[in-house]
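Examination of the molecular architecture
One letter stands for each residue in the lines below.
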Amino acid sequence: MIRLSELKLDLSALPLPVEGDADSVHPLSALRSLAAQTLGVPEAQIANVHVHKRSFDARSVQLRVVFVIDLQLTDTELEAELLQRHAGRSHIQPSPDMRWHAPASAPADWPLASEQRPVVLGFGPCGLFAALALAQMGLKPLVLERGRPVRQRTADTWGLWRKQQLQPESNVQFGEGGAGLFSDGKLYSQIKDPRWLGRKVLQEFVAAGAPPDILYQAHPHIGTFRLVKVVQALREQIIALGGEIRFEQRVSSLLLEPCEQTVSEGLQTAAQPDSQPALHAPEQQALRLRAVRVLDQASGTEYVWPCERLVLALGHSARDTFAMLHDAGVALQAKPFSIGVRIEHPQGLIDRARWGRHTGHPLLGAADYKLVHHAANGRAVYSFCMCPGGTVVAATSEAGRVVTNGMSQYSRQERNANAGLVVAIEPRDFPLDFPAATAAWEAAFGPERGRTYAQQAQALAERGQVHPLAGVVLQRDLEARAFVAGGSNYCAPGQRVGDLLAQRASSAFGSVQPSYQPGVHPTDLAAVLPDYALQALREALPAFGKKIRGFDLPDAVLTGVETRTSSPLRIPRGDNFQSLNVHGLYPAGEGAGYAGGILSAAVDGIRVAEALACAALGLPAPP
Ligand code: FAD
């Protein structure tokens, strides 16, 4: 098969989709003749054409539709000859093998002993795909998820949005499906993926009921309601393959024992150019996982579950679990993340700026955007997790704190477009100003623990290092400020763009009404965000207005605070995917600092599952 990319057609060449007729979506005969021209062969030589990807290029006046296709010629020898003739031309290549080749397969009687059964902590996209891949390789995983199954979780989450009642163990962040369940369901990522594991994720989604268009859309998305059904179907598949999923089970500690290997072996193999040195020195004793202690949240009882291999797919919001890992001696590192606000505009404004005269075309749908600005104070400001035709949602998992994020349905038909507008921060921005910062540590972790961590942080600061939990302190501090500024009732603080630029508090909203539930309190976001972030946002908004006309509309709404952009720390792992100093512990996904978004977290889950399966079965690691 031959893969041709950069095939461009006018939007008018595309047929309007006919319900239930997948083939009607693509202009196959126009693509066939374009392909024949590109390859210099008669059209009759092309046996079949399959669309791999479709995107819209709105950069020129004429909106173009760009295709990547796979085709087969009637003559296979000619196919090989053409590929040879065009070798070196990046848009004419052999079609890659995108199938998943499982690197391991367990014998039918696996596991031989109960502690050999792999355990997966967390059932977000990373844990779900780790569990699915393990189950497909015959390793019958046990999943322990602190939150509740989809149905109950949905009711709990709506409890916060409608009745201002937060369930700390079942909410937007915790429960079946993980943080991405109530979301826009964007399913793309910029990770390097030479083995096409992202394709496997999309195919599993489609097999579980997702719309097939996610396989060819350049920016696929699935929306909240459909994602919920897909997650339930994937859960059933894992169970059918011998896996087990237990909800309301929080892993509360790790039972570790010393082992002979030294941690330095792991440290030498790890490449982490952008992060601070690990808290744990290389000469420290290496540890081995023996069991996990689990709290059954429904009954309040604890039990010990023997396990030699644990996938740690904990997500970026399990701050108590981060602290538990730190206390257990697992190597952790502070890492950069971003803070800011959600911005809302009328969706029509974004559509007109992006699609021009084609606005409203049924194939285009609601437009998205991606913006970056490098501010004079050295900060990068960028749009994050843009949700066309969606709503801003309350995304806290902790009492007395307010966090924003965005979600949408598949149709993306809500009035407003929203996106995170965030400022990149480094570990050097985390609270280092001791002893004044002790109060922030105490507020974040309680008086006793907070004071101990503050002392550790001070000792590390003297060596030029950052405590791995310092980013959590900053997040909790900003989220608590947002709670107070919003009225201390889970309403969020908000401000009109015009008022932020003029450095005055908002007293009301104008033509753009905020969508965040339970409500937005007009105020001054200066009470919430640090000065450097406000300064960078004030500079970026007019700059973005030059790229998207109306982006700095005075009535556009800013709602705060956006803090859970990515994990504030990394749980470093070596080439064998295991923690640098705890053997048998497989840090994975967004919480461990190895993914950002649904697709990359799912791909990381598969990679970790493969490494675990090979290690457990004594096989060489996959590439
Ligand atoms: P998570 O999804 O956070 O899953 C971690 C799981 O571990 C949770 O279910 C948690 O309950 C469980 N857990 C934690 N600690 C324990 C413990 N001690 N014991 C047992 N279980 C535990 N990304 C996109 O790509 N596209 C989007 O459109 C998008 N929209 C989003 C909208 C919202 C509102 C939010 C909050 C996030 C969105 N994201 C989106 C981000 C995306 O959801 C995350 O990147 C992704 O979910 C990370 O996957 P994960 O499996 O690594 O972690």
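So, how was this worked out
- Residues numbered from 1 in each chain as written.
- Predicted model: local features only at pLDDT ≥ 70, side-chain atom pairs only at ≥ 80, totals over all residues.
- Helix = DSSP H or I, 4+ residues; strand = E, 2+ residues; numbered from the N terminus.
- Rg over C-alpha atoms; globule rule 2.2 N^0.38 Å.
- Contact = placed C-beta atoms within 7 Å.
- Domains from an automatic or database assignment.
- Nonpolar A, V, L, I, M, F, W, Y, C, P; charged D, E, K, R; others polar.
- Pairing = 2+ DSSP bridges.
- Near = placed C-beta within 6 Å.
- Axes fitted to C-alpha atoms, helices over the stretch in contact; angles between N-to-C directions.
- Left-handed = near helix turned anticlockwise from the far one by under 90°.
- Buried ≥ 20, exposed ≤ 12 C-beta atoms within 10 Å, placed from the backbone.
- pLDDT = per-residue confidence, 0-100.
- Parallel < 35°, antiparallel > 145°, perpendicular 65-115°, else oblique.
- Arc of directions from axis to C-beta.
- Core = buried A, V, L, I, M, F, W, Y, C linked by C-beta atoms within 7 Å.

Counting secondary structure elements, the protein contains 15 helices and 24 strands. For the protein, the C-alpha radius of gyration of 25 Å lies close to 25 Å, the compact-globule estimate for 623 residues. Viewed in the frame of its principal axes, the protein has a C-alpha envelope of about 75 × 65 × 45 Å. Long-range pairs, those at least 24 residues apart, make up 74% of the contacts in the protein between residues at least 6 apart in sequence.

Our next topic: the domain arrangement of the protein. When the parts come together, some accessible area is lost, and that loss is often what is quoted as the size of the interface. Each assigned domain of the protein is listed here: domain 1 (2-94), domain 2 (101-271 + 282-332 + 580-623) and domain 3 (337-430 + 466-562). The C-alpha centroid of domain 2 is placed 38 Å from the C-alpha centroid of domain 1. Contact residues are listed per partner, giving six residues for domain 1 and four residues for domain 2. Residues of the side of domain 1 that touches domain 2, tallied by class, amount to two nonpolar, two polar and two charged.

This part covers the pairing of strand β1 (residues 2-10). Pairing geometry for β1 and strand β4 (residues 92-94), over three bridges, is antiparallel. Bridging from a neighbouring strand, R3 pairs with Q93 of β4. Two strands pair when backbone bridges link them, and β1 and strand β3 (residues 64-73) are joined in this way by seven bridges, in the antiparallel orientation. Paired with K8 across the bridge in β3 is V66.

Right, let's talk about the pairing of strand β9 (residues 285-296) for a bit. In terms of strand pairing, β9 meets strand β23 (residues 582-583) through two bridges, oriented parallel. The partner of L287 across the bridge, within β23, is V582. Remark: four residues form the turn of the hairpin made by β9 and strand β10 (residues 301-306), two consecutive strands paired antiparallel; G300 in that turn has positive phi of roughly 80 degrees.

Neighbouring the ligand are 45 residues; G122, G124, G178, G315 and G589 lie closest to it. Of all the secondary structure elements, the ones that give two or more residues to the shell around the ligand are α3 (125-136), β8 (249-262), β17 (404-407) and α15 (598-616). Counted by class, the shell around the ligand contains 21 nonpolar, 18 polar and six charged residues. If you count residues domain by domain, the shell around the ligand takes at least three from each of domain 2 (101-271 + 282-332 + 580-623) and domain 3 (337-430 + 466-562).

The subject of this paragraph is the sheet that holds β1. Across a sheet, strands are paired by hydrogen bonds formed along the backbone, either parallel or antiparallel in direction. Taken together, the four strands give an open sheet; going across it, the order is β2-β3-β1-β4, and neighbouring strands pair in antiparallel fashion. Each edge of the open sheet carries a strand with a single partner, namely β2 (46-57) and β4. When the angles between neighbouring strand axes are averaged without regard to direction, this sheet yields 30 degrees. Sheet topology places β2 next to β3; ten bridges connect them, and they run antiparallel. Bridging across to β3, H50 finds its partner in D70. Those strands touched by helix α1 (residues 28-39) are β1, β2 and β3, and its axis lies near 100 degrees from that of β2.

The next thing to look at is the packing of α3 against α15. At a closest axis distance of 7 Å, the pairing of α3 and α15 adopts a crossing angle of 40 degrees. As α3 runs across α15, the sense of the crossing is right-handed. In this structure, α3 contributes P125, C126, G127, L128, F129, A130, A133 and L134 to the contact, and α15 contributes I598, A601, A602, D604, G605, I606, V608, A609, E610 and A613. Class assignment of the residues belonging to the contact of α3 with α15 gives a composition of 14 nonpolar, two polar and two charged.

Below, the discussion takes up the sheet that holds strand β6 (residues 142-144). In space, the five strands of this open sheet follow the order β7-β6-β5-β11-β24, with parallel pairing throughout. The open sheet has two free edges, formed respectively by β7 (244-246) and β24 (585-587), since each of these has just one partner strand. When the angles between neighbouring strand axes are averaged without regard to direction, this sheet yields 20 degrees. Alignment of strand β11 (residues 310-312) against β24, held across three bridges, turns out to be parallel. Within β24, the residue paired with V311 across the bridge is Y586. Against the sheet, α3 touches β5 (119-121), β6 and β11, its axis set at about 165 degrees to β5.

Here W161 shows up in helix α4 (residues 150-163). Assessed through the 17 C-beta atoms surrounding it within 10 Å, W161 is described here as partly exposed. If sequence neighbours within four positions are ignored, W161 has contacts with V393, A394, Q517 and P518.

Take helix α5 (residues 197-207) next. Since the α-helix packs 3.6 residues into each turn, any two residues three or four apart lie on the same face. Here α5 has its buried residues at L197, K200, V201, L202, E204 and F205. For α5, the secondary structure elements touched by its buried residues are α3, α6 (224-240) and α15. Where α5 terminates, the next one or two residues include G209, which has phi positive at roughly 115 degrees.

The residue P493 is located in strand β19 (residues 492-496) in this model. P493 gets classed as buried once you count the C-beta atoms within 10 Å, which come to 29. Spatially, the C-alpha atom of P493 lies 53 Å from that of W110, the residues being 383 residues apart in sequence. When neighbours within four sequence positions are excluded, P493 is seen to be in contact with A482, A485, G486, H521, T523, L525, V528 and G560.

With that out of the way, let us pick up the confidence of the model for the protein. When pLDDT is averaged along the protein, the result is 92; 95% of the residues meet or exceed 70. This model gives residues 266-282 a pLDDT under 50, and the stretch forms 36 contacts once residues within four places in sequence are excluded.

Below, the discussion takes up the packing of helix α10 (residues 438-445) against helix α11 (residues 447-462). Contact pair α10 / α11: the axes reach a minimum separation of 7 Å and the direction vectors enclose 135 degrees. Regarding the angle of α10 to α11, the classification is oblique. Here α10 runs over α11; the crossing is right-handed. Facing T438, W441, E442, A444 and F445 of α10, the residues of α11 in contact are P447, R449, G450, R451, Y453, A454 and A457. When the residues that make up the contact of α10 with α11 are grouped by side-chain class, the tally is seven nonpolar, two polar and three charged.

Buried within helix α9 (residues 347-355) are the following residues: Q347, I350 and D351. When α9 is viewed along its axis, its buried side chains cluster within an angular range of 100 degrees and face the same direction. Once α9 finishes, G356 follows within two positions and takes phi at roughly 55 degrees, a positive value.

Another point: the nonpolar core. In this structure, L121, A130, L310, V311, L312 and A588 are the most contacted members of the largest nonpolar core, which totals 152 residues. In terms of residues, this core owes the most to one element, α15, which gives 13 residues. Both domains that furnish three or more residues to this core are identified here as domain 2 (101-271 + 282-332 + 580-623) and domain 3 (337-430 + 466-562). Filtering out sequence-adjacent residues up to four positions away, V311 remains in contact with P118, V120, L121, G127, A130, Y586, A588, V608, A609 and L612. In this structure, L31, A35, V65 and I69 belong to the second largest nonpolar core, which totals twelve residues.

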